[in-house]
Amino acid sequence: MNRENKRKKYDKNFYRTHPCIDPFTCKNCGQTVVPEGAGSDHRNHCPYCLTSVHLDEEPGDRASDCHGKMEPIGVWVRKNGEWALIHRCTICGKLDSNRVAADDNPMRLLSLAMKPFANPILNPEGLKDLCKTMED
Amino acid sequence: MEETLRCRACGTEYVGDHCPSCLSALHTDEDPEYECGGVMEPVSVWVKPDGKWDLILRCKSCGEMETRPVTRGDNPMKLMSVASKPLANPPFPIERLEEIAKMTGATGSTGDFGGAYEPRE
């Protein structure tokens, strides 16, 4: 283990290896969020509105100066079948992926997954034509 | 002048920033220091506030994520498949969604959206 990694291992402010036990107030919806109930030692986003804040460059280092709100733009399925949220910083546009927590609002999660299908780009007429061209 | 590339995932020749047939791309950047050259696979779709779609790509070798606008020539079936992946693998049983939502104190319902039962006029 080189010196830099060893320093990080014992640094209490390096949250990749140390749990973060501070409650916080959500920047977007104003709810108070406590660390309990996430099913993980590293709560990343508000379980009510799923918004996060751009604090990290690398997971747990708190090195970013941006501190912008990160809005959830989608979900994806990891190899092991669990969902991860995709966050996008509203200030600098950085994308980040994070596991969903145990107490995340399931309605919001599902509404994010449904977004592409509730969109006028997918018009029923076009889909009907698509089905027809596939039959021919 | 844009050069023609051969997709490293499916072998299709294409012009542009991602393969229109399998929607994969190469991880390149303007800044040569960040260039990793890995294959980026499509993981999700982002519906932007103006209603346009962006592909969310994730690099297979370094895990970085990027968005690229969906273009007209993109394979519609592949797009639908990428967009519906989360719905096909829900992290909780969908039939008990309202029950779970009530337990966590969330509001909202998965009700009727009209027109799923009989053909519309």
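Within any chain, residue numbers begin from 1 and follow the written order of that chain's sequence. Written order decides the labels, with chains lettered from A and ligands numbered from 1. Selection of residues for local features in this predicted model requires a pLDDT of at least 70, selection of side-chain atom pairs for listing and counting requires 80 or more, and totals for whole chains, interfaces and linings are taken over all residues. Computation of side-chain values covers all heavy atoms of the structure but excludes hydrogens and water.

Let's shift gears to the overall build of chain B. Of regular secondary structure, chain B possesses two helices and six strands. When the helices and strands of chain B are read in sequence order from the N terminus, they spell out β-β-β-β-β-β-α-α. The rule is simple: take the accessible area with a 1.4 Å probe, protein chains only, and divide by the maximum for that residue type; under 20% is buried, over 50% is exposed, in between is partly exposed. When the 121 residues of chain B are sorted by exposure, 31% land in the buried category. Per the convention used, a helix needs a DSSP run of H or I reaching at least four residues, while a strand needs a run of E reaching at least two, with both numbered from the N terminus.

Moving on: the sheet that holds strand 6 (residues 65–69) of chain B. Residue and element names in this part refer to chain B. One bridge is not enough; two strands pair if DSSP finds at least two bridges between them. Spatial ordering of the open sheet is given by 3-4-5-6, a layout of four strands whose pairing is antiparallel. At either end of the open sheet lies a strand with only one pairing partner, and these are strand 3 (25–26) and strand 6. Contact between two residues is taken to exist if any of their heavy atoms lie within 4.5 Å; hydrogens are not considered. To get an axis, a line is fitted to the C-alpha atoms, and for a helix only the part in contact is used. The angle between two axes follows their N-to-C directions and goes from 0 to 180 degrees. In the packing of helix 1 (residues 76–88) onto the sheet, contacts are made with strand 4 (39–47) and strand 5 (53–59), and the angle to strand 4 comes to roughly 75°.

To count toward a patch, a residue needs a relative accessible area over 30% and no salt bridge; like charges are then connected within 9 Å, while nonpolar side chains (Val, Leu, Ile, Met, Phe, Trp, Tyr) are connected within 5 Å. All accessible areas in this document rest on Shrake-Rupley with a 1.4 Å probe, and a residue is counted as covered only by the protein chains that are shown. Here, a salt bridge means any Lys or Arg side-chain nitrogen found within 4 Å of an Asp or Glu carboxyl oxygen. The convention is simple: Lys and Arg are positive, Asp and Glu are negative, and His and the chain ends are not counted. A charge is said to be at NZ when it belongs to Lys, at CZ for Arg, at CG for Asp and at CD for Glu. Together, Glu57, Glu58 and Asp65 of chain A together with Glu64 of chain B make up a region of like negative charge exposed at the surface. For Glu64 of chain B, a relative accessible area of 43% gives the class partly exposed.

The pocket and cavity definitions rest on a 1 Å grid over protein atoms only: a 1.4 Å probe that fits but cannot leave marks a cavity, an open set with protein on both sides within 12 Å along at least five of seven lines marks a pocket, and residues lining either have an atom within 4 Å of a point. Grid points are joined across faces, edges and corners, and a volume is the space filled by probe spheres set on the points. Under the defined criterion, the tally for this structure stands at one cavity of 30 Å³ or more. Space inside the largest cavity adds up to approximately 60 Å³. Lining of the largest cavity is provided by Ile73, Gly74, Val75, Leu112, Ala113 and Pro116 of chain A together with Ser44, Val45, Val82, Ala83 and Pro86 of chain B.

Turning next to the interface of chain A and chain B. Taken residue by residue, the interface counts 28 residues in chain A and 36 residues in chain B. Buried area is calculated as the accessible area (1.4 Å probe) missing from two parts once they are joined, with the contributions of both summed. On the chain A side of the interface with chain B, the three residues burying the most area are Trp76, Pro106 and Met107 of chain A, jointly 22% of the side's total. At the boundary of chain A with chain B, the tally comes to zero salt bridges. In protein, a polar contact requires one atom able to donate a hydrogen and another able to accept it; more generally it is a pair of N or O atoms within 3.5 Å, and residues adjacent in sequence count only if both atoms are side-chain atoms. Between chain A and chain B we count five residue pairs in polar contact (both at pLDDT 80 or more) in total. When residues of the side of chain A that touches chain B are traced back to their parent elements, those giving at least two are strand 4 (69–77), strand 5 (83–89), strand 6 (95–99), helix 2 (106–114) and helix 3 (124–135) of chain A. Each residue is assigned to one class: nonpolar for Ala, Val, Leu, Ile, Met, Phe, Trp, Tyr, Cys and Pro, charged for Asp, Glu, Lys and Arg, and polar for all the others, Gly among them. Grouping the amino acids of the side of chain A that touches chain B by side-chain chemistry returns 20 nonpolar, five polar and three charged.

Once that is clear, we can look at helix 1 of chain B. For an α-helix, 3.6 residues make a turn, and residues three or four places apart therefore share a direction. When the terminal C-alpha atoms of helix 1 of chain B are compared, their 18 Å separation across 13 residues agrees well with the 18 Å that a helix rising 1.5 Å per residue should span. To obtain the bend at a residue, axes are fitted to the seven residues ending there and to the seven starting there, and the angle between these axes is taken. Taking the largest bend as the criterion, helix 1 of chain B deviates by roughly 30°, centred on Val82 of chain B, and proline Pro86 of chain B comes between one and four positions later. In this structure, the buried residues of helix 1 of chain B make contact with strand 4, strand 5 and helix 2 of chain A together with strand 4 and strand 5 of chain B. For helix 1 of chain B, the N-terminal cap is Asn75 of chain B; the gap from its side-chain oxygen to the backbone nitrogen of Met77 of chain B is 3.1 Å. Multiplying one less than the number of residues by 1.5 Å gives the expected span of a helix.

Residue and element names in this part refer to chain B. Counting buried residues in strand 5 gives six out of seven residues, a clear majority hidden from the surface. Note that strand 4 and strand 5 share seven bridges and pair antiparallel. Bridging from a neighbouring strand, Pro42 pairs with Leu57 of strand 5. Where strand 4 hands over to strand 5, the hairpin turn is made up of five residues, of which Gly51 adopts a positive phi near 90°. By the bridge criterion, five bridges tie strand 5 to strand 6 in an arrangement that is antiparallel. Looking at strand 6, one finds that Asp54 is bridged to Pro69. Counting the residues in the hairpin turn of strand 5 and strand 6 gives five residues, including Gly63, whose phi is positive at 80°.

None of the figures reported here should be taken as evidence of function without further support.
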